[in-house]
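Topology and contacts: notes
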Amino acid sequence: AQKITQTQPGMFVQEKEAVTLDCTYDTSDPSYGLFWYKQPSSGEMIFLIYQGSYDQQNATEGRYSLNFQKARKSANLVISASQLGDSAMYFCAMREALSGGYNKLIFGAGTRLAVHP
Amino acid sequence: DTGVSQNPRHKITKRGQNVTFRCDPISEHNRLYWYRQTLGQGPEFLTYFQNEAQLEKSRLLSDRFSAERPKGSFSTLEIQRTEQGDSAMYLCASSFNPTGAGETQYFGPGTRLLVL
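Everything numeric here is computed off the predicted structure, so don't read it as measured data.

Bringing the overall build of chain B into the picture now. If you tally the helices and strands in chain B, you get zero helices and eleven strands. Counting from the amino terminus, helix and strand elements in chain B follow one another as β-β-β-β-β-β-β-β-β-β-β. Taking 2.2 N^0.38 as the reference for a compact globule, 116 residues should give roughly 13 Å; the C-alpha atoms of chain B span a radius of gyration of 14 Å, in line with that estimate. For chain B, the spread of C-alpha atoms along the three principal axes comes to 45 × 25 × 25 Å. Residues counted as buried form 49% of the 116 residues belonging to chain B. Put simply, chain B shows about 5900 Å² of open surface, and 46% of that area lies on carbon and sulfur atoms.

Once that is clear, we can look at the state of the cysteines. Residues and elements named next belong to chain A. Enumeration according to the criterion identifies two disulfides over all chains in this entry. Here Cys 23 pairs with Cys 92 through a disulfide, and the sulfurs are 2.0 Å apart. On the sign convention where negative is left-handed, the bridge of Cys 23 and Cys 92, at about -60° about the S-S bond, is left-handed. Of this pair, Cys 23 sits in the loop between β3 (19-21) and β4 (24-26) while Cys 92 sits in strand β10 (residues 88-98), placing them 69 residues apart in sequence.

Turning next to the interface of chain B and chain A. Interface size is commonly expressed as the accessible surface area that is lost when the partners come together. Across the contact, 25 residues belong to chain B and 21 residues belong to chain A. Roughly 1800 Å² is buried in total at the junction of chain B and chain A, and carbon and sulfur atoms are behind 54% of that figure. The largest share of the area that chain B buries against chain A comes from B:Pro43, B:Gln105 and B:Phe107, three residues that together contribute 24% of it. If you look at where chain B meets chain A, you find zero salt bridges. Taken together, the elements giving at least two residues each to the side of chain B that touches chain A come down to β4 (31-37), β5 (44-50), β6 (53-57), β9 (88-95) and β10 (106-107) of chain B. Partitioning the side of chain B that touches chain A into residue classes produces eleven nonpolar, nine polar and five charged.

Below, the discussion takes up the packing of aromatic side chains. Counting across every chain of the model gives 17 aromatic pairs over all chains. A ring pair is formed by A:Phe35 and A:Phe47, whose centres lie 6.3 Å apart and whose planes are at 65°; its orientation type is edge-to-face. Here the residue A:Phe35 occupies a position in strand β5 (residues 33-39), and A:Phe47 occupies one in strand β6 (residues 46-52), the gap between them amounting to twelve residues. According to the relative accessible area criterion, A:Phe35 is buried, its value standing at 0%. An angle of 40° between the planes, with centres 4.8 Å apart, marks the rings of B:Tyr33 and B:Tyr48 as tilted. Pair noted here: B:Tyr33 is in strand β4 and B:Tyr48 is in strand β5, with a separation of 15 residues, a long-range link. Comparing B:Tyr33 with B:Tyr48, the two get one shared label, buried.

About the thresholds
- Residues numbered from 1 in each chain as written.
- Chains lettered and ligands numbered in written order.
- Predicted model: local features only at pLDDT ≥ 70, side-chain atom pairs only at ≥ 80, totals over all residues.
- Heavy atoms only, no water.
- Helix = DSSP H or I, 4+ residues; strand = E, 2+ residues; numbered from the N terminus.
- Rg over C-alpha atoms; globule rule 2.2 N^0.38 Å.
- Buried < 20%, exposed > 50% of the residue type's maximum accessible area, 1.4 Å probe, protein only.
- Areas by Shrake-Rupley, 256 points an atom, 1.4 Å probe, with all protein chains shown as cover.
- Disulfide = S-S within 2.5 Å.
- Contact = heavy atoms within 4.5 Å.
- Buried area = accessible area lost by both parts, 1.4 Å probe.
- Salt bridge = Lys/Arg side-chain N within 4 Å of Asp/Glu carboxyl O.
- Nonpolar A, V, L, I, M, F, W, Y, C, P; charged D, E, K, R; others polar.
- Phe/Tyr/Trp six-rings, centres within 6.5 Å; stacked < 30°, edge-to-face > 60°.

Structure follows, in structure tokens:
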């Protein structure tokens, strides 16, 4: 069965510094996708970044980058130049393919990030 | 550009009552998902619609839960005879990807349910 593990319940970072949020995954499927979502206190899950298992380069989206290490089965999120508005829960998720060509997401337990001024 | 919307945002009900939540996906998205998120956990998959057809249901979805997506547009999730264990955030997500590769699900703000 597919599984996502986020071992950091909480992280603190100083404003303008970079922070890395850890994510490891387990799957026997050679084709998979990994996602990071941000969930502020309002509750909405905001899509940040996606990495496909066959992508040759690490994904980047603005201040977000994904440090994808396939052999180690890790997909860590790096946030550069942290801002106060980055304070939120962050979830790593994996796409599990279902019969019929569609997918469901398997989520980790999340990491709460607090950015201090 | 409107995203996924959900109503109501909050619902407080007494045990044994029925509740219904609504999700309006992004207009061109043909895929719609429901997830449930309990306190301190990540979301868990409940059910999936492709257009109006409900193609997958999790075993988390007991007989008291029913979901519909008439005409392949908005979706409703109904919980009958609510129990305190139903208290959670109910999230809706939609997507569109005809090939299935690199599909990204976009989430709504959720409906937070509290059963007293």
